Structures are given as structure tokens and as C-alpha cells.
Amino acid sequence: MNFMRSICSLALCFAWAGVASAAPFGEAQITQIIRDVQVLPTQATPRPAAVKENVGNGSAVRTGGESRAELTFRDLTITRLGANTIFSFNEGTRNLELGGGAILLHVPKDSGGAKITTAAVTAAITGTTVLEEYHRDTYIKFVVLEGTARMYLKGRFGESVLVRAGQMIFMKPNATRLPDPVDVDLERLMRTCSLLIGFDQPLGSEALMAREVSTQRKKKAKGQLIDTNLVIFGEGTALSLKDPPPLDVLDQRFNVLPNVVPPGGGNEFGPLKTITNPTPYVINPSTQIMTAPTIQTNGVTNRGKIYRGQAIDGTAANYFLGSTSAFDNDTNFNGIGEPGSAIFPTAAFRFNSLQLSGDPFITVPAGGAVNLALIGINGITSGGPGGLITFTGMNSVLLATQNGSINLTNNVSFADVPLLFIYARGAGSNLILGSNVSNGNLQLDAQGNVQINSTLFVPALASFAGGNFLQGTAGTIDSEDTNLRAQGNITFSLAQFIAGSTTGQNININADMAVNIDATANQSLFAVAQSINVTGQTINVLGSAGGTNVVFDALASTIFDAGSGGFLAPNINFSHPGDALQISSGGDITARQLLGGDLILAAGNLQITLDMSSRVASATAGSVIVGGNLTNSQYTSAGTDVMVTGALTSPEAEVIGNVSAGRVSLLLLNPLSTTSNTTLTAGSGGITPYIPAGPNGVHTFGVSTVQSHTAALGLDFSGKQFGSPSSNGGFLQINAATQVFSATDGINTANFNGADNPSPGSSPGSGGTFQVKTKGALTVKGSTIT
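Residues numbered from 1 in each chain as written. Predicted model: local features only at pLDDT ≥ 70, side-chain atom pairs only at ≥ 80, totals over all residues. Heavy atoms only, no water.

As a further point, take the overall build of the protein chain. Counting its regular elements, the protein chain contains seven helices and 69 strands. Split into buried and exposed, the 786 residues of the protein chain put 55% on the buried side. Of the roughly 30400 Å² of accessible surface on the protein chain, 51% is carried by carbon and sulfur atoms. (Helix = DSSP H or I, 4+ residues; strand = E, 2+ residues; numbered from the N terminus. Buried < 20%, exposed > 50% of the residue type's maximum accessible area, 1.4 Å probe, protein only. Areas by Shrake-Rupley, 256 points an atom, 1.4 Å probe, with all protein chains shown as cover.)

Put into C-alpha cells, the structure is as follows:
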């Protein structure tokens with residue numbers, strides 16, 4: 001791998017496909033101005049910008065020569081503008097518009113991402129720091145400083161590239177294909193780039209960028225990155241020493257396809273006819289396809305047609321498959337022919353049935369298409385002699401059936417097809433892929449079941465099953481972006497879907513019925529994925545009986561959303577170091593251990609065998625049973641009882657039922673209730689303060705009564721609990737229906753003494769405050785209150 005030396009002034013456009021609940025951008029505030037910066041209000045005269053000035057919807061910011069500016073949004077998204085840059089945004093969305101120039105964009109994690117747009121490209125960004133430079137008639141440069149982003153080429157359906165930290169895309173604005181990323185020297189870039197130095201406030205991602213610099217140093221030491229002085233012109237940007245991608249002369253040659261008459265006398269357009277003989281039609285190495293279009297096998301030539309899109313030839317489903325079905329609508333199959341799609345014009349051939357037995361020889365004459373559709377009405381299979389199929393010269397290949405299954409076995413494999421789309425239509429039509437696929441995006445749709453029994457190495461895998469997505473029987477799947485959708489069940493095996501050669505994968509799984517995740521044999525994919533989003537009526541996570549550890553990346557957004565069937569993982573120990581694990585369920589939630597939760601919501605019961613912790617909130621309509629410790633920043637039980645074997649530690653809990661724990665450390669329990677029916681019961685650990693609140697924190701319990709008499713001290717709010725010398729005792733107020741103080745009932749002993757003086761001459765802590773208010777009887781029988 002070769003190594004780029006530096007890049008500086010940059011700018012571009014990003015499309016965000018992130019969390020639907022992300023708040024739109026509000027006003028941006030100008031937080032720094034360097035030299036000449038102007039605000040361009042809508043339909044008003046430009047005026048000089050001012051620090052702390054708010055820039056609203058539709059207004060633009062323009063920088064002059066040798067000038068820079070910084071804008072900060074309410075969610076702490078930071079935008080820095082280089083010289084001669086025009087920038088605006090839409091306040092009701094998360095859309096940013098860049099007219100040209102250079103930009104740095106830092107989007108904090110969990111803020112919802114952003115969409116920055118120019119005329120040429122779009123790139124998805126969230127929780128990432130990027131640089132971009134855009135000049136309409138010359139070039140585009142896009143660099144990721146930390147995190148990952150995905151760039152999309154406008155008007156080219158399926159054309160996208162994942163860009164990782166330390167990589168750059170360099171291209172012309174009128175390019176018809178995205179180039180591969182190359183490496184940049186982040187260490188030099190961070191020392192020299194004017195958008196990274198000379199600003200007052202930090203971005204917040206400096207530590208993450210430093211980590212990527214360290215990673216590059218290690219690779220350089222191992223000889224995996226090599227310095228080069230080869231330069232791409234434009235603000236001193238250097239590039240990696242590798243052969244440039246060849247010009248796509250086919251795309252340039254046929255971009256006016258509808259106006260060109262290829263060899264065939266004009267018969268290349270019109271309704272698609274079915275080639276009825278032979279059946280099945282066999283495509284093998286002797287087959288010659290000319291995308292004018294004609295196909296010849298065994299000396300017999302047949303004609304196809306060129307599909308020119310929905311506006312001219314009607315919807316894709318009607319043209320290729322004879323009609324539009326409900327399944328076509330579910331999968332948006334007609335998107336092939338809609339404006340903006342890059343999958344047409346398409347050279348199309350339709351057969352009664354089709355067998356792939358080798359790689360055809362493809363030529364693209366003047367007027368020919370660079371997209372190919374092969375339709376087998378009643379089915380598509382594979383056969384011998386087989387071998388590698390590349391469909392050379394094609395940007396996309398569609399293999400589709402009108403009413404039949406597709407079964408491709410391991411006697412053929414596919415490689416280097418930019419987009420391979422396999423589509424099995426018809427009731428009960430299944431798609432079984434036993435062929436290996438590499439180096440191209442892959443779409444697998446079937447009205448029945450989808451099953452992958454092969455090895456895939458692809459940038460992106462998407463699948464829609466009208467039935468079930470089944471676990472494969474062989475091979476592994478290495479995909480940077482995985483999107484699975486099923487109207488039935490999805491079985492997702494972590495032994496089949498692996499971390500592979502890359503990290504930072506995006507995983508989206510959505511089933512109308514159950515999602516079954518098998519983590520028994522391998523958990524590496526979840527450990528490195530940057531986003532995981534799983535939705536199903538029931539979500540089952542399977543592990544070994546002794547407990548299986550599933551640890552997520554600290555920066556990963558991880559969401560499980562189950563319906564009434566619940567989230568069921570009784571043998572799984574979940575751990576999220578970044579506290580960004582969200583689990584919601586219309587039924588129960590069960591797990592062996594749950595650490596690092598961000599939001600845990602159950603309409604049923606919540607049962608954890610070992611420990612549980614949640615950073616923000618937990619709620620359930622049923623009971624809560626935790627076999628270890630329960631630590632939440634905020635806990636609400638809208639249902640019945642909370643039962644914790646170990647310690648219950650929380651700043652606040654709202655509970656309708658009873659609360660019991662081995663030790664209770666609550667700041668607030670039903671604090672506003674005056675008629676609570678909750679009995680609070682503490683075991684051998686007694687009741688102690690919520691330490692983060694300190695000795696001045698006002699602990700308030702709204703209960704029916706308190707039972708804490710099995711510990712030596714039923715209530716221990718002494719100053720020594722807070723760990724500071726001479727600390728005062730704590731503050732507790734109990735609002736109860738009735739309360740008893742005795743050795744065998746209610747509270748046996750309460751200690752609110754201040755902490756001892758640490759050394760002679762120092763003052764000890766003062767005593768705390770203990771208040772008890774009851775509507776009924778208040779009984780004290782031999783209990784000591786200090």
C-alpha cells in the first residue's frame with residue numbers, strides 16, 4: 001500500500017441516512033472569523049459577519065481570499081470554512097449546501113449525522129470528522145480524518161465507496177464512476193492544514209484523530225505504508241503511487257444512447273420479446289453478447305432490446321417481467337428505471353429459463369449499453385463447465401425470474417461486477433446462492449426464501465426476502481454494509497457473517513417476524529461494527545449455556561427494537577464500553593448480563609441474571625428481576641416489583657410495585673408520591689446514600705413503609721460513607737403511610753453521624769438530617785437513631 005503525503009484546503013457534499021429521530025439543524029452560530037467573512041441573507045445585500053451572530057435557514061456564509069470561518073450548531077456539529085467558500089444549510093433538515101471551496105465538518109456521535117450537497121457527489125457521515133475541497137470545473141478531494149464515511153455519485157444508482165480514516169477520494173466533478181480511495185499522511189495533514197490549526201475551540205475529535213495517526217505510524221514501521229512525493233495538483237495534495245484507474249470510455253461513448261442507432265436498423269428498442277428456444281438457454285464461454293443488443297450461442301443469433309428507463313419504456317417490472325406485482329412494489333424493483341438510476345439504459349434478453357455455465361464474451365459497440373439484464377421466466381440455474389463469470393465491461397447485471405426460483409451452485413462464481421442484482425419473483429420462488437461473489441455490490445431479493453451457501457467478499461450486501469432469510473450451510477460473508485429485510489424470519493449467524501478484512505461495518509436487520517442471532521461460535525463482527533440496528537417482532541440472541549460474551553465497539557451505535565415477542569438473550573453477557581446500547585421491547589427483555597445500556601425499555605418484564613447498568617433510563621411495565629447489581633442513572637418501573645439480589649444504585653426510580661435489594665442506594669424513590677403503595681426492603685447491605693449526590697444530596701423516599709433491619713445499620717448515612725475527611729452526614733426524608741423502628745420490624749438502627757476528624761486539631765463532620773413523615777402510625781421500639 002502506498003502512502004499520500006498531505007492535503008489541506010477541502011470541500012463537498014454529504015447525505016445522511018441515519019437515525020430517523022435525529023433533530024434537524026437549528027441556527028448555526030459564527031464562533032470565529034479570520035479576515036473577510038460575509039453573511040448572504042436571503043434576498044438581501046451581503047454584509048460583514050460578526051462573531052456570535054446566528055445564521056438561519058437559507059442564509060449563506062461566504063469567505064474571501066486568505067479568509068476562514070467557523071460555525072457551531074446547537075448539537076455541537078462544527079463547520080470550518082476555507083478561503084473562497086460558499087456555504088448554506090436548511091434549518092428544518094440536516095442538509096448542508098456547499099457551493100464551492102473548502103470545508104471541515106465534525107459531526108459528534110449520536111447527533112444524527114448531516115447531509116452536505118454539491119452538484120456532483122453525496123457522502124453519508126455521522127460521528128466523523130472529514131475534509132472536502134470542491135471546484136466545479138476541476139476536481140473534488142474528500143478526506144476522512146477519523147471514523148468512516150460513504151460517498152455516493154449522484155445519478156448513479158448503486159455507485160458508492162466507503163472511505164475510512166486516513167483515506168481520500170480524488171476525482172473530477174463530471175466523473176461517471178467513483179475511484180478507489182488512496183491513503184493520506186494524517187500526521188503531516190494535522191500539522192499543516194489551515195482548517196485544523198489556528199482556531200480557538202477544539203473539535204472534540206482530537207483524541208480519535210490522534211489514534212488514527214498512531215495507527216498509520218505502526219503501519220509505516222511495518223512497511224505497509226510508503227511515503228511518496230508524487231503530487232496531485234490543488235493545495236499541495238500528494239497521492240499514493242499506484243496506477244490510475246482507466247478512463248471509462250464505455251460510459252463516455254454511450255451517454256447519448258437513446259439518440260444512437262446501433263447495428264440492427266433501429267430494432268434495438270421496443271417491447272422485450274422472449275427467446276423460446278432452446279429451453280433452458282445456456283450461457284457459456286462460447287456465448288457472445290453484443291449490447292446493441294444481440295446474443296449468439298452455438299452459431300444461433302437472437303435479439304434483445306434496450307430498456308431506456310421508465311419515462312420512455314414504462315416501469316422496469318412491466319418491461320422485464322410483464323407486469324408489476326405486490327412484491328415488486330415491496331422491493332421497489334421499479335426504481336431501476338426511475339430518473340436518477342444508473343441501471344439503465346440496459347441491454348435486456350428474456351428466455352423461458354436460463355442456465356449460467358460460464359463467462360460470456362461481451363462487446364459494447366457504438367450505441368450499446370453498459371448494463372445487462374438476463375431474464376429467465378421460469379427459473380435460473382447454473383451448470384458445467386462453470387468457472388469465473390465477470391460480465392466484463394458491464395456496470396450492472398440483473399439476473400431475474402418472472403415466476404421461478406434461482407439456484408446458483410458452486411460450479412460458477414462471480415467477480416468484479418460493480419452491481420450484481422439477483423431477483424427471484426413469484427409465489428414460493430426461492431433464491432439459493434451457492435456461488436462465490438467478490439469485489440462488487442450484491443443485491444439478493446426473492447419472493448420466497450433467501451439462503452447464501454457461499455463465500456462473499458463485497459462492499460455492500462442487501463437482501464429482501466418475502467419469506468425467510470435462512471442461515472447458510474457453507475462459506476462466510478465479509479461485507480462493509482449489510483442490509484437484510486424479510487417479511488418472515490431472519491437468521492443471522494455470526495459464524496457466517498464475519499469481521500473479515502475490514503472494521504467499521506454497518507449492519508441493518510429488519511424482520512416482520514423473528515430475528516434469530518446466533519452468537520455461539522463467533523462474536524467478532526459485533527465487536528468491530530460501527531452501527532448495528534436490529535428490528536423484529538421477536539429478537540432471539542443465542543449463546544452457550546455457560547454464558548457468551550458479546551462486546552460492542554465503544555463508538556458503535558447499537559439498537560435492538562423488538563415487538564411483543566420480546567428481546568430474549570438469557571445466555572448472553574452484553575457489554576458496551578461506550579454506553580450506547582439501546583434495547584426496546586413490546587414484550588419481555590431477558591439477558592444474562594447487560595452493561596453499558598443507554599436506553600432499556602420493556603412493555604413486559606425485565607430479567608437479568610447477573611449485573612445490569614444503564615446510562616440514561618430504563619423502564620418496564622412488568623417486574624424487574626436482577627440477579628446481580630442494578631445500576632441506572634434513571635429507572636422507571638411502571639408495572640410491578642423491582643427485585644435485585646445485589647445492590648440497587650440509582651439517582652431516581654418511579655415504581656408502582658415493591659422494591660427489594662441486597663443493598664439500596666437510591667437518591668429518589670417516588671419522590672412526589674403521597675399515596676405510594678411501595679414497600680422498600682433492604683437486605684444485609686442496608687440502605688446507604690447515592691454517593692454521586694454527595695452529603696448535601698436530598699434523598700427522598702415516597703413509600704408505604706421501609707423494611708431494613710437485617711443489616712447492622714438499617715440506615716447508614718454517616719459521613720464516612722462519602723469517603724471525604726470530616727464529611728457531614730447525609731440527608732434523608734421518608735414519606736410513608738406507616739413506619740416502625742425496631743430490631744425485628746421496619747428500621748432497626750439509623751446512623752447520620754458526621755465523619756471523624758482525620759487528625760488532631762481538625763474538626764469532625766456535622767451530623768446529617770433525617771426526617772420521617774407518616775400518614776398513619778409512627779412506632780419507635782428500642783431502635784437507636786444517631
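Resuming the write-up.
Turning to the pattern of salt bridges, a few remarks are in order. With the rule as written, the count across this model stands at eight salt bridges. For the salt bridge of Arg80 with Glu70, the shortest nitrogen-to-oxygen distance reads 2.8 Å. Highlighted residues: Arg80 in strand β8 (residues 78-81) and Glu70 in strand β7 (residues 68-73), separated in sequence by 10 residues. Side by side, Arg80 and Glu70 carry an identical accessibility label, which is buried. (Salt bridge = Lys/Arg side-chain N within 4 Å of Asp/Glu carboxyl O.)

As for its position among the elements, Phe741 is in strand β65 (residues 739-741). C-alpha separation for the pair Phe741 and Thr779, spaced 38 residues apart in sequence, amounts to 6.0 Å. Apart from the residues within four sequence positions on either side, Phe741 is in contact with Ile747, Phe770, Val772, Leu778, Thr779, Val780, Lys781, Ser783 and Ile785. (Contact = heavy atoms within 4.5 Å.)

Our next topic: the packing of aromatic side chains. All chains considered together, the criterion is met by 23 aromatic pairs. Put simply, the rings of Phe469, Phe492, Phe497, Phe526, Phe552, Phe560, Phe567 and Phe574 touch in pairs and so form one group of aromatic residues. In this structure, Arg308 packs its charged tip against the face of Phe269, placed 4.2 Å from the ring centre. (Phe/Tyr/Trp six-rings, centres within 6.5 Å; stacked < 30°, edge-to-face > 60°. Lys NZ or Arg CZ within 6 Å of the ring centre and 35° of its normal.)

Moving on: the side chain of Thr294. Tracing the backbone shows Thr294 in strand β25 (residues 294-297). The class for Thr294 is buried, based on a relative accessible area of 13%. Ignoring any residue separated from it by four or fewer positions in sequence, one finds Thr294 in contact with Gln288, Ile289, Thr301, Asn302, Arg303 and Phe349.

With that settled, consider the sheet that holds β25. Read from one edge of the open sheet, four strands run β26-β25-β24-β30, paired in mixed fashion. The two strands at the open ends of the sheet, each matched to only one other strand, are β26 (300-303) and β30 (361-363). The mean inter-strand angle of the sheet, taken between neighbouring strand axes irrespective of direction, is 15°. When β25 meets β26, the two strands line up antiparallel, connected through four bridges. Pairing of Ile295 across the sheet is with Asn302, part of β26. (Pairing = 2+ DSSP bridges. Axes fitted to C-alpha atoms, helices over the stretch in contact; angles between N-to-C directions.)

On the secondary structure map, Thr700 appears in strand β61 (residues 698-702). For Thr700, a relative accessible area of 11% translates into the label buried. Contact partners of Thr700, with chain neighbours within four places excluded, come to Leu667, Leu668, Leu669, Pro671, Gln733 and Asn735.

Turning to the environment of Ala50, a few remarks are in order. Assignment of secondary structure puts Ala50 in the loop between β4 (47-48) and β5 (54-55). Among the residues examined, Ala50 registers a relative accessible area of 37% and is labelled partly exposed. Here Ala50 is in contact with Ile30 and Ile33, once residues within four sequence places are set aside.

Time to look at the pairing of strand β48 (residues 531-542). Examined bridge by bridge, strand β46 (residues 506-511) and β48 share five bridges and lie parallel to one another. Paired with Ile509 across the bridge in β48 is Val534. Judged from the five bridges that link them, strand β47 (residues 514-518) and β48 form a sheet pairing that is parallel. Looking across to β48, one finds that Asn516 is bridged to Asn540. Both β48 and strand β50 (residues 557-575) contribute to a ladder of nine bridges, which runs parallel. Residue pairing for β50: Ile539 is matched across the bridge by Phe567.

Taking 1.5 Å of rise per residue, the 16 residues of helix α2 (residues 206-221) would be expected to cover 22 Å, and the 23 Å separating its terminal C-alpha atoms lies within 8% of that figure. Those residues of α2 that fall on the buried side of the exposure criterion are Met209, Glu212, Val213 and Gln216. Looking straight down α2, one finds that the buried residues subtend no more than 105° of arc, so they occupy a single side. Turned more than 90 degrees away from the buried face of α2, the exposed residues are Ala207, Lys218 and Ala221. Just downstream of α2, Gly223 is the residue with a positive phi angle, here 80°. (Expected span 1.5 Å × (residues − 1). Arc of directions from axis to C-beta.)

This brings us to the confidence of the model for the protein chain. Regions with low pLDDT should not have their predicted coordinates read in detail. On average, residues of the protein chain carry a pLDDT of 86, and 88% of them reach 70 or more. Overall, residues 1-22 carries pLDDT values under 50, and its contacts beyond four positions in sequence, including any with other chains, amount to 121 contacts. (pLDDT = per-residue confidence, 0-100.)

As a further point, take the environment of Val644. Relative to the helices and strands, Val644 resides in strand β58 (residues 642-655). Overall, the relative accessible area of 6% leaves Val644 in the buried class. Sequence separation between Val644 and Asn629 is 15 residues; the distance between their C-alpha atoms is 6.7 Å. Sequence-distant contacts of Val644, that is, excluding residues within four places in its chain, are made with Val626, Gly628, Asn629, Leu630, Ser660, Ala661 and Gly662.

For the bond from Asn277 to Pro278, the omega torsion is 0°, close enough to zero to count as cis. Here Pro278 lies in the loop between β22 (274-275) and β23 (281-283). The residue after Gly384, namely Pro385, is reached through a cis peptide bond having omega 5°. With respect to the helices and strands, Pro385 occurs in the loop between β32 (380-382) and β33 (387-389). Of note in this structure, Asn298 is not a glycine but carries a positive phi near 55°. When you line up the elements, Asn298 lands in the loop between β25 and β26. Unusually for a residue other than glycine, Ser726 sits at a positive phi of about 60°. Turning to its location among the elements, Ser726 is positioned in the loop between β63 (715-716) and β64 (731-736).

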